[in-house]
Amino acid sequence: MRPALVRVDGVSKYYPRVHRPWERLRAFAALVAGREPQGGARVLQDISLEIMPGESFGIIGENGAGKSTLLKVLTGVISPSRGSVSVNARVAALLELGAGFQPEFSGMDNVRMKASLLGLSSKQLNQRMDDILAFADIGEYVHEPVKHYSSGMVVRLGFAVVAASDPEILITDEVLAVGDESFQKKCINWIESFLHRGNTLLMVSHSMYLVQKLCQRALWLHEGRARQQGEVFEVTQSYLAWHELRSAKEKLGREAQPGNGGMYRIDSFTLHGQGSTGVAQPVIDTSGEAGGKVEVRLGMGEDIGADMVLYSPDGRPPVALFGIGRADGTPVYGVDSDFDRAGPLQIDPHRFRYRIRFNAPALLPGSYSVRGHAMDPEGLRLCDTTERRLRVMGDSREWGFVRLPHDWS
Amino acid sequence: MNLFSNSIFTQLVSRSIRTDYLENLTGFAWLILQPLLLLAVYAFVFTNIFQARIPNDAGIGFVPYLAVAFWPWTAFSEAILKGSNTVVANAALIGKVAFPGELLPLSMVSATFVMHTAGYLAVLIVLQASGTYIHWLGVALALPLLLLLWLFACAITLFTSALQVFVRDVAQILPPLMTFWFFTTPILYGTSLLPESLRAWLDWNPMTWFVSRLRDLVLLGQYPLSWVDLLAPVLVPALLWLGLKFFRRFAGHFEDFL
């Protein structure tokens, strides 16, 4: 087995509080004494990862989750408060727009400076200068001071030098987003051929599409901790699902909760899947109040079944409505028993059981909620609502909620 | 240290020379002109107002006596003051790009010395043209001395530039300290004119050794060897090594404080 190119072992990073002079002095005194300064922001906590040669690795997470700090630790710009980092390769990092660029100087001068920072000798630089200028493609602007550049031009120049420096590991922090469409494509093409040549990529991005396209593995950072690490689709999907849930929660806080005071109400609601292979999936009982907290997991294309028992005070059968929506509340499909003219099974004078099965639904991987509603017998008034979580697992880079039947010709 | 083969270093040196001295066409002219004007001011003040006394046994005029020591001092002092600021001033670079941070102060000190050495040679030529006898062999022999002065400035700046990241007051304390150092170095006066008790103290000032050796070489063509001459080539590199250790010890924490 080949040794890891990048090894991060239990890394934590605290930023000491240094706003006031005495805080600076105290922190400095701690450093002189060989201790870590106390207090301050905990930006990273106990992060470990290993990246093998030829691997591509994505780091995702909210703003302020510690992604950029992790990259800084990896590139050696800052030293970790605890833990160790070793990188055994020629690294080129593109951490920030025009890092190391001096605005007063021309693009050409800055290319020379940046190239020296990346370890290119002047001989190598002269050989590759034409390639750099062709890649950046900013024309005569290269002789203008960088302060007159647009941010896109700065990125073009920066990426062009990085590409020319022929690194073994490329580390980028969400800088490509600044370039225009065609330049982004150029960069992505370059990165793909770079990976194809057996090199290693470490990227931070908020574009799950890019991460899924370019990376094999991913790390989800949440508030400085590693929340999940593993295969890229698994990690990005749980990250997206978490986002959807969070925005759904916010939405719920704003809207009035549906009243539970209706005459017709839900007695129990059970969600279960049955694999297309016929293997029964775990069924989660939901009679408890905390039912919504557990989720049913299904593979893509497996059947979804739901059982709902409705209570009717006057003995007339209520109408049942089933709906599937994304975790953020966007409806995907809903149908009621009235429209389908489906009848319930009467359990006792006041209770009716509805069963529904969605056959091999085309739901794409992600987090969903399945809702059951009790309506009055006329199907006019919504009386009660309950909801269960459903997680569809699978590898897919398709867009949207459902897979539409299609063929290429 | 392998400084010269490192192209980051040469890039940084040429960058500082260009921003600090060659921004405009007259930049280089001012580099010569400004110290010349300053020299004229000092010459006027100290020969006419304060009536400064210099040891006149060798028949050296006040202006050459001052000029030969004043230039290296200016380079030394300016290098330290500018170099100390470099880490704080380049916070953006330090926080974004991984490179040996000590190159920032070292390149600034070096750029200052390169420019002032050019000015120094120009002034020596002006002195020669105006009738002072310059010992050019002594000037050649003074180059190792200037090299040592450069290393000395590098060493000090490594300490001060790193310290300034943590204690910003360094920027305020340093200029008066350098002025104090200027006046406690026999640049405007000669040690032989001082009271005996004070002279003993001044001998502990390393700059006293630098400027008197420079005068001996350039103006008198003499080199009286003493134990300091053997010690200095050992002590200065040792101090530089300590400075590098100090700088690198704290370099990983710069970003937290910038």
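Draft legend 1. Quick peek at the interface of chain B and chain A. On the chain A side, the residues contacting the 19 residues of chain B number 25 residues. Contributions of two or more residues to the side of chain B that touches chain A are made by α1 (7-20), α5 (91-96) and α12 (254-257) of chain B. In terms of residue count, the dominant contributor to the side of chain B that touches chain A is α1 of chain B (5 residues). Of the residues contributing to the side of chain B that touches chain A, the split by class is 9 nonpolar, 6 polar and 4 charged.

Draft legend 2. Seen up close, unusual backbone geometry. All names here are of chain A. Despite not being glycine, aspartate 137 shows a phi value in the positive range, around 55 degrees. Examined against the element boundaries, aspartate 137 turns out to sit in the loop between α4 (122-136) and α5 (151-164). With phi around 50 degrees, arginine 341 is a residue other than glycine that occupies positive phi space. Among the structural elements, arginine 341 can be located in the loop between α9 (337-340) and β15 (345-348).

Draft legend 3. Structural view of the sheet that holds strand β11 (residues 295-299) of chain A. All names here are of chain A. Strand order in this open sheet of 5 strands is β11-β18-β17-β13-β14, and the pairing throughout is mixed. Bordering the open sheet on either side are β11 and β14 (331-336), each of which pairs with just one other strand. The average angle at which neighbouring strand axes cross in this sheet is 25 degrees, direction not considered. In the sheet, strand β13 (residues 319-326) pairs with strand β17 (residues 366-375) via 8 bridges, with the strands oriented antiparallel. Looking at β17, one finds that glycine 325 is bridged to serine 369.

So, how was this worked out
- Residues numbered from 1 in each chain as written.
- Chains lettered and ligands numbered in written order.
- Predicted model: local features only at pLDDT ≥ 70, side-chain atom pairs only at ≥ 80, totals over all residues.
- Contact = placed C-beta atoms within 7 Å.
- Helix = DSSP H or I, 4+ residues; strand = E, 2+ residues; numbered from the N terminus.
- Nonpolar A, V, L, I, M, F, W, Y, C, P; charged D, E, K, R; others polar.
- Pairing = 2+ DSSP bridges.
- Axes fitted to C-alpha atoms, helices over the stretch in contact; angles between N-to-C directions.

Purely spatial values, then, with no claim about function.
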